[in-house]
Each structure stands twice: as C-alpha cells, then as structure tokens.
Amino acid sequence: MTIQKVMVIGAGQMGAGIAQVCAQSGYDVLLHDANQQGLDKGMEGIRKRLTRAVEKSRINEHEKQDTLDRLKPAIEIQDVSQCDMAIEAIVENMDVKANVFRELDANAPAHAILATNTSSLPITEIAATTNRPDQVIGMHFMNPVPVMKLVEIIRGLQTSDATYKKVEEMATALSKTSVEVDDAPGFAANRILMPMINEAIFAVHEGVASVEDVDTVMKLGMNHPMGPLTLADFIGLDTCLYIMEVLHDGYKDSKYRPCPLLRKYVNAGWLGKKSGRGFYQYES
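Residues numbered from 1 in each chain as written. Predicted model: local features only at pLDDT ≥ 70, side-chain atom pairs only at ≥ 80, totals over all residues. Heavy atoms only, no water.

A few points about the UniProt feature "domain: 3-hydroxyacyl-CoA dehydrogenase C-terminal" (unreviewed entry) in the protein chain
And then number 1: Residues annotated by UniProt as "domain: 3-hydroxyacyl-CoA dehydrogenase C-terminal" (unreviewed entry) correspond here to residues 186-282.
And then number 2: Here residues 186-282 runs as 61% helix and 0% strand, with 29 Å between its end C-alpha atoms. (UniProt positions renumbered as here; feature names shortened; annotations may be inferred. Helix = DSSP H or I, 4+ residues; strand = E, 2+ residues; numbered from the N terminus.)

Quick word on the UniProt feature "domain: 3-hydroxyacyl-CoA dehydrogenase NAD binding" (unreviewed entry) in the protein chain
And then number 1: Within the UniProt annotation, "domain: 3-hydroxyacyl-CoA dehydrogenase NAD binding" (unreviewed entry) is assigned to residues 5-183.
And then number 2: Strand forms 22% of residues 5-183 and helix 41%; the C-alpha atoms that close the span are 27 Å apart.

Topic: helix α6 (residues 161-173)
The α-helix advances 3.6 residues per turn, and as a result positions three or four apart in sequence lie on the same side.
And then number 1: The terminal C-alpha atoms of α6, which comprises 13 residues, lie 18 Å apart, in line with the 18 Å expected from a rise of 1.5 Å per residue.
And then number 2: Here α6 has its buried residues at Thr-163, Tyr-164, Val-167, Met-170 and Ala-171. The buried residues of α6 occupy one face: seen down the axis, they fall within an arc of 125°. In this structure, α6 carries Asp-161, Ala-162 and Thr-172 as exposed residues pointing more than 90 degrees from its buried face.
And then number 3: Where α6 terminates, the next one or two residues include Ser-175, which has phi positive at roughly 65°. (Expected span 1.5 Å × (residues − 1). Buried < 20%, exposed > 50% of the residue type's maximum accessible area, 1.4 Å probe, protein only. Arc of directions from axis to C-beta.)

Regarding a positive patch on the surface
And then number 1: Taken together, the side chains of Lys-48, Arg-52, Lys-56 and Arg-58 define a basic patch exposed on the protein surface.
And then number 2: Inspection of the secondary structure assignment puts Lys-48 in helix α2 (residues 36-55). (Patch = residues over 30% accessible without salt bridge, like charges linked within 9 Å, V, L, I, M, F, W, Y side chains within 5 Å. Areas by Shrake-Rupley, 256 points an atom, 1.4 Å probe, with all protein chains shown as cover. Salt bridge = Lys/Arg side-chain N within 4 Å of Asp/Glu carboxyl O. Lys, Arg positive; Asp, Glu negative; His and termini not counted. Charge placed at Lys NZ, Arg CZ, Asp CG, Glu CD.)

Here we look at the sheet that holds strand β4 (residues 85-88)
Hydrogen bonds between backbone atoms are what pair the strands of a sheet, whose relative direction is either parallel or antiparallel.
And then number 1: Pairing within the open sheet is mixed, and its eight strands lie in the order β3-β2-β1-β4-β5-β6-β7-β8. Each edge of the open sheet is held by one strand with a lone partner, namely β3 (71-74) and β8 (177-181). In this sheet, adjacent strand axes meet at a mean angle of 25° when their direction is disregarded. (Pairing = 2+ DSSP bridges. Axes fitted to C-alpha atoms, helices over the stretch in contact; angles between N-to-C directions.)

Quick word on the nonpolar core
And then number 1: If you look at the biggest cluster of nonpolar residues, it comprises 38 residues, and the most contacted ones within it are Leu-31, Met-85, Ile-87, Met-139 and Met-170.
And then number 2: Per element, the largest residue contribution to this core is seven residues, and it comes from helix α1 (residues 13-24).
And then number 3: Beyond its immediate sequence surroundings of up to four residues, Met-139 is in contact with Met-85, Ile-87, Ala-115, Thr-116, Asn-117, Val-151, Glu-152, Ile-154, Val-167, Met-170, Ala-171 and Leu-174.
And then number 4: The next biggest cluster of nonpolar side chains, apart from the first, holds 25 residues, and it includes Val-214, Met-244, Tyr-256 and Val-266. (Core = buried A, V, L, I, M, F, W, Y, C linked by side-chain atoms within 4.5 Å. Contact = heavy atoms within 4.5 Å.)

Remarks on helix α11 (residues 260-267)
And then number 1: Regarding α11, the residues found buried are Leu-261, Leu-262, Tyr-265 and Val-266. Buried residues of α11 fall within an arc of 140° about the axis and therefore sit on the same side. Residues Lys-264 and Asn-267 are exposed on α11 and point more than 90 degrees away from its buried face.
And then number 2: Where α11 is buried, its residues touch α7 (189-205) and α10 (237-251).
And then number 3: Following α11 by one or two positions, Gly-269 adopts a phi angle in the positive range, close to 85°.

Concerning the environment of Pro-260
And then number 1: By secondary structure assignment, the location of Pro-260 is in helix α11.
And then number 2: On the basis of relative accessible area, Pro-260 is assigned to the partly exposed category, the value being 43%.
And then number 3: Among all residues touching Pro-260, those that are not within four sequence positions of it are Phe-202 and His-205.

Side note on unusual backbone geometry
And then number 1: Put simply, Asn-143 and Pro-144 share a cis peptide bond, and its omega is 0°.
And then number 2: Among the secondary structure elements, Pro-144 is positioned in the loop between β6 (136-141) and β7 (150-155).
And then number 3: Non-glycine residue Asn-223 carries a positive phi angle of around 65°.
And then number 4: Its place among the elements puts Asn-223 in the loop between α8 (211-221) and α9 (228-235).

Notes on the packing of aromatic side chains
The description of an aromatic ring pair rests on the distance of the ring centres and on the angle between the ring planes.
And then number 1: Here the structure, examined in full by the defined rule, presents three aromatic pairs.
And then number 2: Plain terms: the ring middles of Tyr-265 and Trp-270 are 5.0 Å apart, the flat faces sit at 70° to each other, and that makes the pair edge-to-face.
And then number 3: The exposure class assigned to Tyr-265 is buried, which follows from its relative accessible area of 17%.
And then number 4: Trp-270 gets classed as partly exposed once you look at its relative accessible area, which sits at 27%.
And then number 5: Here Tyr-265 and Phe-279 contribute two aromatic rings whose centre-to-centre distance is 5.0 Å and whose plane-to-plane angle is 40°, an arrangement assigned as tilted. Linking Tyr-265 in helix α11 with Phe-279 in the segment after α11, this pair joins segments that are 14 residues apart in sequence. (Phe/Tyr/Trp six-rings, centres within 6.5 Å; stacked < 30°, edge-to-face > 60°.)

So, in structure tokens, the structure goes:
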C-alpha cells in the first residue's frame, strides 16, 4: 500500500501545520474540521505561511500554488473514505479522540493507517476503540510543524511492523527526522521537557529566581534557544498542566507533581501567549 492521500483532522495550529507539510511534500491532503470557521482559519493560515515563504525565497510561486492545489478543505469526516491515511490533531482529550477514531475506523478504507498527533495520551487505548489496532500509531509532530524537524513515532501494543515502516517512510518523505518511542506517559519528548518546565516554575514559585532570570539561566547557561517559561507560554500553560497531570497519574511518582503556581495561573485564565498573559504579558 502506498500512501498518496491523507486526511488531517483538526485545523488548529498543529493540524494546519501537518496538512501544509504533507501538501508541500507531494501528498494530496484533505483538511477536516467540524467547525467551518476553524477550517477557514486553518486554510487561511496555510496560505499566509506559504506567501511568507515565497517572500523569503524559501519556495517559489509555482511551488506555493502546487501545494495549495493539493490541499482541499473537508467539512465531512466521512471523506476519509478517499484516503490512505488519517492524522488526527485535535484537543488532548481521550473521550473526544476516541469518538473521532471510531468515526475514522467506520469510514476509512480497510488499508488506511490511522495516526494521532497526541503529545501524551496512550496509543494503545486509542487503538482499542477501533477494529484495526494494528494500523493505529502515534505520530507526534513538534510545534511549529513546518519548522521543527522531529517526529516521535509511537507504537501502540498492537501496532504492526508494517504500519510502523510506512509511517517512518512518510516522515522521511516529509523531510522530518523520526525517533521510535514506546507507548509510555508523555512518550520521550514531553517526559523530558515538561518536568524541566515544571521545575523552572517551582524555582519562581519558591523565590529562587525571577521569571526573566530563570529564562536567562537556561538560554545563556544551557544554550537553550528559548527559556523554559517563555516556551511554556508558547505551548500554553493549560497544555503544560495537562501533560504534567498525565505524567503524575501515569507514573504515580511525586517528581511529576504539577507546581501549584502553574495550576493557579491556569485557574486564573493566564494560559500564556494565546490568552495574552502567562509568565509574561503579550499585546492583544
């Protein structure tokens, strides 16, 4: 089976980025979102990013148009019946993802691979909602997708070698570097990253150093391109809290306990850049 046509489910920042990269790499892509406004916004974001890429001479006008010609909006998830693969990139909620995977399983061709871009939820549990658990896999892209080179490929308990191989080949075709990761809470990337961010928040919470100084330590002392608190604001503090809770629940280890200051900010609606305030304030 050759993957030629892909449906991406979810037209938010991650989904639209995945759809763009797939279309730029020669795949025919359907971008689906249940919300028409969200779908329109996702498509417009792709057009703007491609226009900027032309202006910066990263691609030419012909490549931009070819990409847009391969990319189509799809308001009906049933259109996955035309596809060889689906990549889900919606909210990090197991119940919502399970419902989507049941729909995908019911409508996708028998040969189709069903992938999830989850950053922390168990692939095995998602796969168990389908009648093709051997064809379900994690494909965790990094944000922003068009820029970041890494993809975590996560095997569920029943993911077949053939499914893994196809997804690994696709990641290479997308000009990404893939790593194979076991189905464990937080996988590899967030199991390492989120406790570091959480510990940086504890340093602020306990008065060890200011927000700005913690970020400066990591940028100048550890050569990180972005401080952990700036990064937390970029990711979304609600997302950081959610992943820490997944780690804490999954491993039952107090080292993964979310910092009370992180929880307080989320409860206050200070979610980072997307809400205008987190550890830093942002202009609307």
